[in-house]
Amino acid sequence: LFWALTGSMVTTTAINGIYHPGSSEYGELICFPNISSGKQIESGMEINVYLPAYDQTVYGHMIGEVTFVDDYVASEEEMTELLGDESLVQLFYKNAPVVTVICALQKDPDSANGYYWTLQAGQERNIADGTFMTAYVTIDRENAVSFLLK
């Protein structure tokens with residue numbers, strides 16, 4: 001009963017991306033989801049970012065937000081300009097057509113790597129340019145009471 005009064009149902013979609021600071025004025029995480037996933041995403045949506053190389057039970061995850069969603073399908077040339085690496089372009093382009101989604105990670109000046117992490121151990125991890133990440137974009141958040149009354 002407590003959950004029904006205080007909880008919420010969250011709908012997310014997972015998108016893969018590359019940590020590439022400095023490549024865009026909009027943020028550090030460059031993603032190219034397929035067009036059907038991309039159409040669900042809007043600027044301002046919350047993200048939880050996981051690094052597959054790190055155990056989330058030990059290091060936690062980062063948080064941030066979507067800052068840019070392109071209205072048009074991304075070309076290989078645009079992807080190469082953002083990523084700077086043809087092999088990375090091919091990795092994402094295999095899901096074509098794709099759209100460009102850029103996310104900004106929440107900063108934390110007290111963290112060794114400069115980003116907010118949900119667990120202290122994550123703050124000590126070095127994040128190299130080109131690190132693969134998965135962002136879970138919060139598409140919808142619905143109060144549990146309204147969900148139960150449907």
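Everything here concerns the structure above.
In this numbering scheme, every chain counts its residues from 1 along its sequence in written order. Under the rules for a predicted model, residues below a pLDDT of 70 receive no local features and side-chain atom pairs below 80 are neither given nor counted, while totals for whole chains, interfaces and linings still include all residues. Where side-chain values are given, they derive from all heavy atoms of the structure, hydrogens and water being excluded.

Q: Please set out the side chain of histidine 61 residue by residue, giving values where relevant.
A: Runs of H or I in DSSP of at least four residues are treated as helices and runs of E of at least two as strands, each being numbered from the N terminus. Looking at the element boundaries, histidine 61 is found in the loop between helix H3 (56-59) and strand S4 (62-73). Burial classes follow relative accessibility: with a 1.4 Å probe on protein chains only, a residue under 20% of its type's maximum area counts as buried, one over 50% as exposed, and anything between as partly exposed. The class for histidine 61 is buried, based on a relative accessible area of 15%. Among the polar contacts made by the side chain of histidine 61, one reaches the side chain of tyrosine 50 at a distance of 3.5 Å. We call two residues in contact when some of their heavy atoms are within 4.5 Å. Excluding residues within four positions of it along the chain, histidine 61 makes contact with Asn48, Val49, Tyr50, Tyr116, Trp117 and Thr118. Throughout this description, a polar contact denotes any pair of N or O atoms lying within 3.5 Å of each other; where both atoms belong to protein, one of them has to be capable of donating a hydrogen while the other can accept it, and for residues adjacent in sequence the pair is counted only when both atoms sit in side chains.

Q: Before we move on, can you summarise the packing of aromatic side chains with the specific residues and values?
A: For Phe, Tyr and Trp, where Trp contributes only its six-membered ring, two rings pair if their centres lie within 6.5 Å, and the inter-plane angle classes them as stacked under 30 degrees, edge-to-face over 60, or tilted in between. In this structure the tally under the stated criterion is five aromatic pairs. Ring centres 5.6 Å apart and planes at 80° place the aromatic pair tyrosine 50 and tyrosine 136 in the edge-to-face group. Taken as a pair, tyrosine 50 in strand S3 (residues 46-50) and tyrosine 136 in strand S6 (residues 132-143) lie far apart in primary sequence, 86 residues in all. We classify tyrosine 136 as partly exposed; its relative accessible area is 33%.

Q: If you had to explain the state of the cysteines to someone new, which residues and values would you point to?
A: Cysteine sulfur pairs qualify as disulfides if the two atoms are within 2.5 Å. A complete count under the given rule lists zero disulfides for this structure. Residue cysteine 31 stays outside any disulfide, its sulfur separated by 4.6 Å from that of cysteine 103, the closest cysteine. With a relative accessible area of 0%, cysteine 31 lands in the buried category.

Q: Give a description of the pattern of salt bridges that names residues and reports values.
A: One speaks of a salt bridge when a side-chain nitrogen belonging to Lys or Arg is within 4 Å of a carboxyl oxygen belonging to Asp or Glu. Enumeration according to the criterion identifies one salt bridge in this entry. A salt bridge links glutamate 28 to lysine 107, with the nearest nitrogen and oxygen atoms 2.3 Å apart. Highlighted residues: glutamate 28 in the loop between strand S1 (8-19) and strand S2 (29-31) and lysine 107 in the loop between strand S5 (99-105) and helix H6 (120-123), separated in sequence by 79 residues.

Q: Talk me through the nonpolar core; I want residue IDs and the actual numbers.
A: Definition used in this section: a nonpolar core is a set of buried Ala, Val, Leu, Ile, Met, Phe, Trp, Tyr and Cys residues joined via side-chain atoms within 4.5 Å. Grouped together as the largest cluster of nonpolar side chains are 23 residues, with contacts concentrated most on Met62, Val66 and Val101. When residues in this core are grouped by element, the largest group, four residues, is from S5. In this structure, valine 66 is in contact with Ile41, Glu42, Ser43, Gly44, Met45, Ile47, Val101, Ile102, Cys103 and Val137, ignoring residues within four places of it in sequence. In this structure, Ile18, Phe32, Ala74 and Val89 belong to the second largest nonpolar core, which totals 12 residues.

Q: Kindly report on the pairing of S4, identifying the contributing residues and their values.
A: In this sheet, S4 lies alongside S3 in antiparallel orientation, the contact comprising four bridges. Residue pairing for S4: asparagine 48 is matched across the bridge by isoleucine 63. As paired strands, S4 and S5 are joined by six bridges and run antiparallel to one another. Counted as the bridge partner of valine 66 is cysteine 103 from S5. Two strands are counted as paired when DSSP detects at least two bridges linking them.

Q: Account for the environment of valine 89, naming residues and giving values.
A: As for its position among the elements, valine 89 is in helix H5 (residues 86-93). Setting aside its immediate chain neighbours within four residues, valine 89 contacts Glu76, Met79, Thr80 and Leu83.

So yeah, pure geometry; function would need other evidence.
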